[in-house]
Amino acid sequence: MITYPSVTSCLTVTVRLRDGGLVGAHASLFQVPGELRSDQILAALKGLVGHRPVTAIQVKGAVGAWHPSYFVKAIESYGAGEEVPVPAGRDFDGLVQAVSQGLGLPSNLVTVEDVPDGDQIID
C-alpha cells in the first residue's frame, strides 16, 4: 500500500509490478524544497522499477492543472521571457503519452484519473 498525503495540484504515478509490489511518485506541480522537480520524477521512478515486469501504471490527481510537458520541462526550468505552457483542459491522452515515454513502457499500461483533493491510498 502507498499513501500519498495532501494531493492538491499534484499528480501521483503508481507503477504496479507483476509480483504485486507498488512503486510510486508524488509529482508536485511546483518543486518542493529538497525534492525532485516534475521533469525528474519519471526518470527516478523508472530507475526504481528497473527491469521488473509491470502490469499497470496509474496516474491520479489534478489532471486539469497539468500540461503533459511538465514531465519533460518543469515550470521552474523556464527562464525569463520563456513562455510556460498552460493546460487547456484535462489532457488525459497527453499525460498517458508523457508518462509512457518517460517510463519507457507501453501506453496501454497507463490510465489517468482526475480525482478530488486529499490523501490518496493505493492498495
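Position labels on residues start from 1 in each chain and follow its written sequence. In keeping with the predicted nature of the model, local features appear solely for residues at pLDDT of at least 70, side-chain atom pairs appear and are counted solely at 80 or more, and the whole-chain, interface and lining totals rest on all residues. Water and hydrogen atoms were dropped before computing side-chain values, which therefore reflect all heavy atoms in the structure.

Asker: I would appreciate a short explanation of unusual backbone geometry in the present structure.
Answerer: Note on backbone geometry: most residues besides glycine have negative phi, and most peptide bonds are trans. Backbone geometry places Ser6, a non-glycine residue, at a positive phi of 50°. Secondary structure is summarised from DSSP: a helix means a run of H or I of at least four residues, a strand means a run of E of at least two, and numbering begins at the N terminus for each. Structurally, the position occupied by Ser6 is in strand β1 (residues 2-7).

Asker: Got a minute to help me understand the environment of Thr14 in this structure?
Answerer: Tracing the backbone shows Thr14 in strand β2 (residues 11-17). Residue contacts are counted whenever heavy atoms from the two residues lie within 4.5 Å of one another. In this structure, Thr14 is in contact with Ile2, Tyr4, Leu22, Val23, Gly24, Ala56, Ile57, Gln58 and Ile122, ignoring residues within four places of it in sequence. Definition of a polar contact: a pair of N or O atoms within 3.5 Å, with one able to donate and the other able to accept a hydrogen when the atoms are protein atoms, and with sequence-neighbouring residues admitted only if both atoms are side-chain atoms. Side chain to side chain, Thr14 and Tyr4 meet in a polar contact 2.7 Å long.

Asker: I'm lost on the packing of helix α1 (residues 38-49) against helix α2 (residues 92-103) in this one. Help?
Answerer: Two packed helices can be described by the angle between their axes and the distance between those axes. Look at α1 against α2: their axes get within 8 Å of each other, and the N-to-C directions meet at 50°. Considering their axes alone, α1 and α2 lie oblique with respect to each other. Where α1 crosses over α2, the two elements pack in a sense that is right-handed. Across the interface between the two elements, Leu42, Leu45 and Lys46 from α1 touch Ala98, Val99, Gly102 and Leu103 from α2. Gly is placed with the polar residues, together with every amino acid not listed as nonpolar (Ala, Val, Leu, Ile, Met, Phe, Trp, Tyr, Cys and Pro) or charged (Asp, Glu, Lys and Arg). Partitioning the contact of α1 with α2 into residue classes produces five nonpolar, one polar and one charged. To define axes, lines are fitted to C-alpha atoms, for helices over the stretch in contact only, and angles between the resulting N-to-C directions are given on a 0 to 180 degree scale. When an angle is under 35 degrees it counts as roughly parallel; over 145 it counts as roughly antiparallel; between 65 and 115 it counts as roughly perpendicular; any other value is oblique. Crossings are assigned a handedness: left-handed for a near helix turned anticlockwise from the far helix by less than a right angle, right-handed for a clockwise turn.

Asker: Sorry, what's going on with the layout of surface pockets here?
Answerer: Rolled over the atoms, a probe as big as a water molecule pinpoints where empty space is left. In this structure, the largest pocket encloses a volume near 200 Å³. Residues are said to line a cavity or pocket when one of their atoms sits within 4 Å of a point; the points come from a 1 Å grid over protein atoms alone, cavities being sets where a 1.4 Å probe fits but cannot get out and pockets being open sets with protein on both sides within 12 Å along at least five of seven lines. Lining the largest pocket we find 13 residues, and of these Ala25, His26, Glu35, Leu36 and Ile41 sit closest to its centre. Among the elements of the structure, β3 (22-27) and α1 are those that each provide at least two residues to the lining of the largest pocket. Its residues assigned to classes, the lining of the largest pocket shows eight nonpolar, four polar and one charged. Grid points are joined across faces, edges and corners, and a volume is the space filled by probe spheres set on the points.

Asker: Just to check I follow, could you spell out the sheet that holds β3 for this structure?
Answerer: Hydrogen bonds along the backbone pair up the strands of a sheet, which may run parallel or antiparallel. With mixed pairing, the four strands of this open sheet are ordered in space as β3-β2-β4-β5. The open sheet has two edge strands with one neighbour each: β3 and β5 (110-114). Averaged over all neighbouring strand pairs, the angle between strand axes comes to 15°, with direction disregarded. With respect to the sheet, α1 is in contact with β2, β3 and β4 (54-61), its orientation differing from that of β3 by roughly 170°. Across the face of the sheet, α2 comes into contact with β2, β4 and β5 while running at roughly 135° to β5. Strand pairing follows a simple DSSP-based rule, namely that at least 2 bridges must link the two strands.

Asker: Mind showing me how you'd approach the packing of aromatic side chains here?
Answerer: Here the distance between the centres and the angle between the planes together describe a pair of aromatic rings. Only centres within 6.5 Å qualify two rings of Phe, Tyr or Trp (six-membered ring in Trp) as a pair; their planes then separate them into stacked at under 30 degrees, edge-to-face at over 60, and tilted for everything else. Evaluated as defined, the whole model comprises two aromatic pairs. By the ring-pair criterion, three or more aromatic residues cluster together here, those being Trp66, Tyr70 and Phe71. A ring is considered to have a charge above it if a Lys NZ or an Arg CZ atom is located within 6 Å of its centre and within 35 degrees of its normal. We note Lys73 situated over the ring of Tyr78; from NZ or CZ to the ring centre the distance is 4.4 Å.

In short, the description is geometric, and any link to function would need to be established separately.
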